[in-house]
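Inside the fold
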Amino acid sequence: MVLATAAATRRVLLIDSDPAHRMVLSRALAERGYEVMVAVDGRQGLEYLHGHPVDVVVVDRSLPDFSGLEICSRIHRRETDVPVPVLVSGEAVDEEELRRVFQAGAYDYLRKPLHPEEFCARLEHALDRLRLARELSLQNRSLSTEVDEGQQKLHDAYRQVKLQLLNQRALFDVSHQLNSSIDVDEQINILLLTVMGQLGIEQAAVFTADEEGPLQLHSAKGVARAVITAVDLERESSFLEHLEQQAKPVDLGDLPLGVREGEDLERLREQGFVMA
C-alpha cells in the first residue's frame, strides 16, 4: 500500500486505481494539511480500514476488483457509533444511479473531473459533519451514563426505603402482638423470632436470671434443649456482668480478654455458642 503523508491529524483514505487521479488528489490534500493514505484497489482499502482509523474515505466508483458502491456499503455496515463519511467519485450519472449511490451510504458524490478547490471544500464539509456527529455521540454516551447512574441511585434508594418500611412494619407487628398478648412466654417467643429475623440467624436462646442463682432457659429456637441445659452460667459471672453493660449485640470474639478466659464462656464454646 502506498502511503503519502503530511503533518496533520485529519486522515483521508484515498481509494483510486488511476495513478494520475491519485496524484492530483493526494497533492491537493497534502498541501492543505491532510494525512493521506492511498490504496490502489478496493482490497487494499478494506485491509487498511480493518486496522487503521481514518476520518474520511474517498473512493472511485469504478475499481478493478470492487465497485465503489460495494466499498461504501461495507464501510457503512461497520459497527461504529459514528460511520466514517464516504465520498464517491465518478463520471456523471443519472438520478437513478445517484439514488443507489446514496442508498449505499455515501455522504457525497463527486463528479469527475475533480477540481482541487471544490473537492477539498466538500471534503472539509464532510469532516465538519463528522466532528459534530462525534461530539453528539459523546454527549449521548455521557447522558446515557448519567441516566444509568441516576436509575441505580433511585433503585438503591427505593430498596433502602422499602427495607426501612419493612422493618417498621415488623416492629409494628411485634408491638401489636406484644400488646395483644398477656402471656409472658408468648411475648418472649415473639421477641426471639423478631431478633432472629433481624440478625439473620437460625439459632437463638433466651435466658432469664434472678438476683441469685444460675440462669434459667426461658425460650429457644433451633437449638437442642440438651445443649441449652448443658450450659450452667452463674448470675455473678464476669460474662453476664459484661453483657449488662452493653447496648448492642456482642460476639464472643469481641469480648475483653479477662471475660473471654472465664470458665463460663469456655462452657459456651464447648456447646458451639456464639452469643449475641
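Residues numbered from 1 in each chain as written. Predicted model: local features only at pLDDT ≥ 70, side-chain atom pairs only at ≥ 80, totals over all residues. Heavy atoms only, no water.

**Considerations on the overall build of the protein**
- Of regular secondary structure, the protein possesses ten helices and eight strands.
- Within the protein, the fraction of its 276 residues that count as buried is 33%.
- For the protein, contacts bridging at least 24 residues in sequence account for 55% of all contacts bridging at least 6.
- When the accessible surface of the protein is totalled, it reaches about 17200 Å², and 52% of it is carbon and sulfur. (Helix = DSSP H or I, 4+ residues; strand = E, 2+ residues; numbered from the N terminus. Buried < 20%, exposed > 50% of the residue type's maximum accessible area, 1.4 Å probe, protein only. Contact = heavy atoms within 4.5 Å. Areas by Shrake-Rupley, 256 points an atom, 1.4 Å probe, with all protein chains shown as cover.)

**Re unusual backbone geometry**
- With an omega dihedral of 0°, the bond running from Lys112 to Pro113 counts as a cis peptide bond.
- Note on placement: Pro113 falls in the loop between strand 6 (108–111) and helix 5 (116–180).

**Focus on the pairing of strand 5 (residues 86–90)**
- Taken across its five residues, strand 5 has five buried, putting it largely inside the fold.
- Residue alternation in strand 5 divides its side chains into two sets, Val86, Val88 and Gly90 and Leu87 and Ser89, and both sets are buried.
- Inspection of the sheet shows strand 4 (residues 56–60) paired to strand 5 by four bridges, in the parallel sense. When the sheet's bridge partners are listed, Val57 is paired in strand 5 with Val86.
- In terms of handedness, the path from strand 5 via helix 4 (residues 95–103) over to strand 6 forms a crossover that is right-handed. (Pairing = 2+ DSSP bridges. Right-handed = clockwise from strand over helix to strand, strands pointing away.)

**Some thoughts on helix 3 (residues 68–77)**
- Along helix 3, the residues classified as buried are Gly68, Leu69, Ile71, Cys72, Ser73 and Ile75.
- Those residues of helix 3 that are buried are in contact with strand 2 (11–15), helix 2 (42–51), strand 4, strand 5 and helix 4.

**What to know about the nonpolar core**
- If you look at the biggest cluster of nonpolar residues, it comprises 22 residues, and the most contacted ones within it are Leu13, Ile15, Val54, Val57 and Val59.
- Of all the secondary-structure elements, those providing two or more residues to this core are strand 2, strand 3 (35–39), helix 2, strand 4, helix 3 and strand 5.
- Per-element accounting of this core gives the leading share, four residues, to helix 3.
- The residues contacting Leu13, other than those within four sequence positions of it, are Met37, Ala39, Gly45, Tyr48, Leu49, Val54, Val56, Val57 and Val58. (Core = buried A, V, L, I, M, F, W, Y, C linked by side-chain atoms within 4.5 Å.)

**Some remarks on the pattern of salt bridges**
- The final tally for this structure, using the stated rule, is 13 salt bridges.
- Close ionic contact of Glu47 with Arg43 constitutes a salt bridge, the shortest N to O distance being 3.0 Å. With Glu47 and Arg43 both in helix 2 and four residues apart, the pair spans about one turn of that helix.
- According to the relative accessible area criterion, Glu47 is partly exposed, its value standing at 47%.
- Between Arg122 and Glu118 there is a salt bridge, with its nearest N and O atoms 2.8 Å apart. Of this pair, Arg122 and Glu118 both sit in helix 5, separated by four residues, roughly a single helical turn.
- What emerges from the salt-bridge pattern is a single network uniting Arg61, Glu96, Glu97, Arg99 and Arg100. (Salt bridge = Lys/Arg side-chain N within 4 Å of Asp/Glu carboxyl O.)

**Details of the environment of Arg32**
- Structurally, the position occupied by Arg32 is in the loop between helix 1 (19–31) and strand 3.
- A residue is classified by how much of its surface remains accessible, and Arg32, at 29% relative accessible area, is partly exposed.
- Here the alpha-carbon distance between Arg32 and Cys120, two residues 88 residues apart in the chain, equals 8.4 Å.
- Other than its neighbours up to four places away in sequence, Arg32 contacts Arg10, Glu117 and Cys120.
- There is a polar contact of 3.0 Å between the side chain of Arg32 and the backbone oxygen of Ala28. (Polar contact = N/O pair within 3.5 Å; in protein donor to acceptor, adjacent residues only side chain to side chain.)

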